[in-house]
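So the chains spell out like this:
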Amino acid sequence: MFPDSAFTPLTADEAANVPPGSLPSDIEHFTHNVQTTVHEDTWLVRIDHKFSDNTTLYGRAQRDISLVKAPNGSTASVADTVRTINHPANYFLALQHAFSANLLNEVKVYVNRAPFHNPQSSPLPFAVATNEFTQINDDTADIEIGTTYGVIDSLTWSRGRHTFKTGMELRRVRLNQGQTADNTLSFAENADLIGLQLSGIKYIAPWCCHRLRRTFYMPYFQDEWKVTPTLTVNAGVRYELYGVANEATNRTTVFDFNQFHGVCLGSGSFNVLPVAPSSGPIDTPPCPKNPALYNPDYKNIDPRLSVAWAPSALHGKTVIRSGFGIYHGAAQNDDLNAGLESDTYRVSIQPTLLQPAFEQSMPDLSGIPSAQKAAQHPRALQREERRDLYAEEWGLTIDHELPAKFLFSEAYLGSHGVRLFSRGAVNLCTVPFTLNSSGSDCVRPLDQYYPDPNNPDPFGSVDYKSDTGTSSYNALGLTLERRFDDGFSFQARYTFAHSMNDGSVGGGESNGPENVNCRQCDKGPSVFDVRHNVTANSVYELP
């Protein structure tokens with residue numbers, strides 16, 4: 001039961017906008033309060049153990065348990081809620097042993113786990129969308145359970161003016177992710193809702209859970225060389241091999257525009273080919289049994305060099321530092337799972353009458369003619385000549401010691417993002433625009449591989465993830481600071497910077513271009529481009 005205060009009449013302006021006869025004359029606003037719950041517990045256990053003067057052990061175990069339960073949207077109904085359940089955990093062990101005063105080895109073992117569930121709770125198993133009433137969401141859930149295992153072995157050896165460091169990291173990624181069924185019934189206006197006339201249905205079949213697996217191999221070597229008491233050079237190289245992601249049970253639907261001229265299914269796929277093999281694609285090699293999601297990249301070599309110099313002529317009051325390095329990244333797992341996300345059934349239904357068979361989480365759409373169905377297209381990922389993203393970074397810093405314990409610094413930082421994640425589309429309409437032989441769509445590049453007029457190219461334009469994005473960043477920084485001493489500290493910073501990209505700023509972050517045929521046309525200032533930034537703070541201890 002709700003109090004009378006929860007109901008208020010429409011305003012005069014609102015009532016004037018209601019078409020005569022479309023709604024009851026006594027319609028009112030309904031306002032209610034829904035509780036939001038935020039609960040979080042965390043615990044941490046740490047151990048430090050000294051076996052001997054040469055051998056020590058450090059361990060840490062930490063877990064966070066959080067639950068957020070809130071209304072599902074600003075206008076959600078009383079029983080329409082969404083929960084965010086997240087239990088991240090980290091377990092870490094480090095064993096350090098000194099073989100001698102000049103030789104040290106450290107082994108680290110870790111496990112990171114992030115089980116994430118985002119279920120919706122609704123009074124209905126399906127969603128109802130209208131233009132004039134509060135939308136009711138359905139019972140669906142987004143599930144991502146990620147676990148990373150790793151071991152790092154590092155060896156440090158000092159000899160004369162050199163300190164050598166070498167080691168390797170092995171990392172294994174396991175990500176189980178997916179979504180339960182999602183069924184939305186849409187009504188265009190009030191009369192359609194009363195008359196049970198649907199404006200459309202959007203249905204995504206459940207695809208939980210796919211099992212993405214990856215393994216990384218990352219060795220490195222570094223030499224810190226004390227050339228003179230005032231000059232130090234650091235030189236190193238790192239190689240990073242990111243194993244190709246795969247689905248543990250081969251539940252994949254891999255789209256390849258150039259090689260497959262469509263999709264190839266993994267041996268564990270629940271999907272079916274969009275057209276019978278007799279209808280296409282023609283002039284195409286047979287599908288491999290389990291097609292790779294993408295091709296590997298073996299060229300991730302990262303050289304790094306830095307120099308630190310305190311000129312003797314300036315009496316040790318000035319230090320100049322400069323460096324350059326290349327840093328590769330494995331990208332987000334979601335950037336690489338197009339073949340997993342495609343391994344489900346998505347469909348849009350044109351206007352039709354509401355039927356009981358539609359009013360469930362997994363609707364029965366078998367009675368709808370094929371002409372009213374439009375299957376949504378698979379997601380595509382660049383496979384040929386794909387490279388992992390990386391950034392080139394360089395910089396120069398000059399620090400000056402000033403009187404009264406002040407320090408003044410000038411710094412320049414530059415970076416260039418290369419092969420960044422970007423989004424676009426393939427299989428676009430040819431230019432000039434013409435209709436195909438059936439008159440149902442424009443002419444597209446894949447049409448030539450599906451010549452059967454009764455079963456034409458089934459894909460249309462396909463969302464495409466690739467490595468063509470770029471970015472650049474250049475910044476000048478000036479800093480004046482005084483560390484806390486004699487009851488006083490001060491710090492002031494000024495940064496003049498400019499950041500540009502073509503909609504791609506890193507792993508998982510990209511805007512679709514306005515014109516997919518002209519990625520360069522989208523080049524411009526980044527969304528986080530801040531030309532001038534000034535900060536200042538001070539601490540003074542009262543007498």
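Everything below is about the structure shown above.
Note that this is a predicted model, so its numbers are computed, not measured. (Residues numbered from 1 in each chain as written. Predicted model: local features only at pLDDT ≥ 70, side-chain atom pairs only at ≥ 80, totals over all residues. Heavy atoms only, no water.)

### Side note on the overall build of the protein
Heads up, the rule is: Numbered from the N terminus, helices here are DSSP runs of H or I no shorter than four residues, and strands are runs of E no shorter than two. As a reference, a globule follows 2.2 Å times the number of residues to the power 0.38, and the radius of gyration itself is taken over C-alpha atoms. For this analysis, residues touch if any pair of their heavy atoms sits within 4.5 Å. In this description, accessible areas are obtained by the Shrake-Rupley approach with a 1.4 Å probe, and a residue is regarded as covered only by the protein chains that are shown. Note on charges: Lys and Arg go in the positive column, Asp and Glu in the negative column, and His and the chain ends are not counted at all. Taken as the charge location is NZ of Lys, CZ of Arg, CG of Asp or CD of Glu.
The helix and strand tally for the protein stands at 3 helices and 33 strands. Its C-alpha atoms give the protein a radius of gyration of 30 Å, more than 25% over the compact-globule value 24 Å for 543 residues. Across its three principal directions, the C-alpha atoms of the protein cover 90 × 70 × 55 Å. For the protein, long-range pairs separated by at least 24 residues make up 67% of all intrachain contacts whose partners lie at least 6 apart in sequence. Surface exposure of the protein reaches about 30300 Å², of which carbon and sulfur atoms provide 57%. When the 43 positive and 59 negative side-chain charges of the protein are each reduced to one mean point, those points stand 12 Å apart.

### Here's the deal with the state of the cysteines
What counts here: To count as a disulfide, a pair of cysteine sulfur atoms needs to be within 2.5 Å. The cut-offs for exposure are 20% and 50% of the maximum accessible area for each residue type, with area from a 1.4 Å probe on protein chains only; residues under the lower value are buried, those over the upper are exposed, and the others partly exposed.
If you walk through the whole model with that rule in mind, you get 3 disulfides. Across a sulfur-sulfur distance of 1.8 Å, Cys264 and Cys287 are joined as a disulfide pair. Disulfide Cys264-Cys287: the torsion about the S-S bond is -80°, which places it as left-handed. Residue Cys264 is found in strand β19 (residues 262-265), and its partner Cys287 is found in the loop between β19 and β20 (301-309); the two are separated by 23 residues along the sequence. On the basis of relative accessibility, which here comes to 41%, the residue Cys287 falls in the partly exposed class. The residue that forms a disulfide with Cys429 is Cys442, at a sulfur-sulfur distance of 2.0 Å. Its S-S torsion of about -75° marks the bond between Cys429 and Cys442 as left-handed, since a negative value means left-handed. Taken together, the residues span a long stretch of sequence, with Cys429 in the loop between β27 (406-426) and β28 (462-485) and Cys442 in the loop between β27 and β28 at a distance of 13 residues.

### Digging into the packing of aromatic side chains
For any two aromatic rings, the description comes down to two numbers: the centre-to-centre distance and the angle of the planes. Selection criterion: Centres within 6.5 Å are what make two rings of Phe, Tyr or Trp a pair, Trp counting through its six-membered ring; a difference in plane orientation under 30 degrees is then read as stacked, over 60 as edge-to-face, and the rest as tilted. For a Lys NZ or an Arg CZ to count as sitting over a ring, it must be within 6 Å of the ring centre and within 35 degrees of the ring normal.
Taken as a whole and assessed by the stated rule, the structure comprises 7 aromatic pairs. Ring geometry for Phe255 versus Phe459: centroids 5.4 Å apart, planes at 75°, classification edge-to-face. Linking Phe255 in strand β18 (residues 253-256) with Phe459 in the loop between β27 and β28, this pair joins segments that are 204 residues apart in sequence. A single burial state applies to Phe255 and to Phe459, both of which are buried. Among the aromatic side chains, those forming a connected cluster through ring pairs are Trp157, Phe164 and Phe221. Positioned above the aromatic ring of Phe270, the side-chain terminus of Arg251 is 4.2 Å from the ring centre.

### A short note on a nonpolar patch on the surface
Put simply, the test is: Within this analysis, patches are made of residues with over 30% relative accessible area and no salt bridge. Like charges are joined at 9 Å or less; nonpolar side chains (Val, Leu, Ile, Met, Phe, Trp, Tyr) at 5 Å or less. By convention in these notes, a salt bridge is any Lys or Arg side-chain nitrogen within 4 Å of a carboxyl oxygen on Asp or Glu.
Side chains of Leu93, Val109, Val151, Met168, Leu170 and Tyr217 sit close together on the surface and give an oily, nonpolar patch of about 470 Å² of accessible area. Mapped onto the elements of the fold, Tyr217 is located in strand β14 (residues 210-228).

### Observations regarding the nonpolar core
For the record, the criterion: Take the buried Ala, Val, Leu, Ile, Met, Phe, Trp, Tyr and Cys residues and link them wherever side-chain atoms come within 4.5 Å; each set so joined is a nonpolar core.
Core analysis: the largest hydrophobic core is formed by 15 residues, its most contacted members being Leu185, Leu198, Ile201, Phe358 and Leu365. Of all elements in the fold, only β11 (182-187), β13 (200-204) and β22 (346-349) reach the threshold of two or more residues within this core. Those residues in contact with Phe358 that lie beyond four places of it in its chain are Asn183, Leu185, Leu198, Ile201, Thr352, Leu353, Pro363, Asp364, Leu365 and Ile368. Among the nonpolar cores identified, the runner-up in size contains 12 residues, and Leu175, Phe260, Cys264 and Leu336 belong to it.

### Examining the environment of Trp225
Among the secondary structure elements, Trp225 is positioned in strand β14. Residue classification places Trp225 among the partly exposed residues on the basis of a relative accessible area of 37%. Residues Trp225 and Gly160, spaced 65 residues apart in sequence, show a C-alpha to C-alpha distance of 9.1 Å. Discounting residues that sit within four places of it in the chain, Trp225 has contacts with Arg161, His162, Leu231, Thr232 and Val233.

### Focus: the pairing of β27
Put simply, the test is: Being paired, for any two strands, means DSSP has found at least two bridges between them.
Pairing of strand β26 (residues 390-402) with β27, which is carried by 13 bridges, proceeds in the antiparallel orientation. Residue pairing for β27: Ile398 is matched across the bridge by Glu410. The turn joining β26 and β27, which pair antiparallel and follow one another in sequence, is formed by 3 residues; a positive phi near 60° is taken by Ala404. Here 18 bridges tie β27 to β28, and the two strands are oriented antiparallel to one another. Within the sheet, the bridge partner assigned to Leu407 lies in β28 and is Glu481.

### A few points about unusual backbone geometry
With omega at -5°, the peptide bond leading from Cys208 into Cys209 counts as cis. With respect to the secondary-structure elements, Cys209 resides in the loop between β13 and β14. For the bond running from Gly280 to Pro281, omega is 0°, close enough to zero to count as cis. For Pro281, the position within the fold is in the loop between β19 and β20. Phi at Leu196 takes a positive value of approximately 60°, unusual for a residue other than glycine. Mapped onto the elements of the fold, Leu196 is located in the loop between α2 (190-195) and β12 (197-198). With a phi angle near 55°, His261 is a residue other than glycine that sits in the positive phi range. When you line up the elements, His261 lands in the loop between β18 and β19.

### Structural notes on the side chain of Thr318
Defined as follows: Here a polar contact means two N or O atoms within 3.5 Å. Within protein one must be a hydrogen donor candidate and the other an acceptor candidate, and residues neighboring in sequence count only if both atoms are side-chain atoms.
Looking at the secondary structure, you find Thr318 in strand β21 (residues 318-328). Here the side chain of Thr318 touches His400 through a polar contact of 3.4 Å, side chain to side chain. Sequence-distant contacts of Thr318, that is, excluding residues within four places in its chain, are made with Trp309, Ala310, Pro311, Ile398, Asp399 and His400.

### So, the environment of Lys465
Position of Lys465 relative to the elements: it lies in strand β28. The buried category is assigned to Lys465, whose relative accessible area is 3%. Separated by 44 residues in sequence, Lys465 and Phe421 have C-alpha atoms that sit 7.0 Å apart. A distance of 2.9 Å separates a polar side-chain atom of Lys465 from the backbone oxygen of Asp334.

### Some words on the pairing of strand β29 (residues 488-501)
Every regular strand shows the same layout, with side chains that alternate between the two sheet faces. Here β28 pairs with β29 via 13 bridges, running antiparallel. Along β29, the bridge assignment pairs Ser471 with Asn501. As consecutive antiparallel partners, β28 and β29 are separated by 2 residues, and within that stretch Asp486 has a phi angle of approximately 55°, a positive value. In terms of strand pairing, β29 meets strand β33 (residues 532-540) through 9 bridges, oriented antiparallel. In the strand pairing of β33, Gln491 is matched with Asn537. Inspection of the sheet shows β29 paired to strand β32 (residues 524-525) by 2 bridges, in the antiparallel sense. The partner of Asn501 across the bridge, within β32, is Gly524.

These figures come from the coordinates and say nothing about function on their own.
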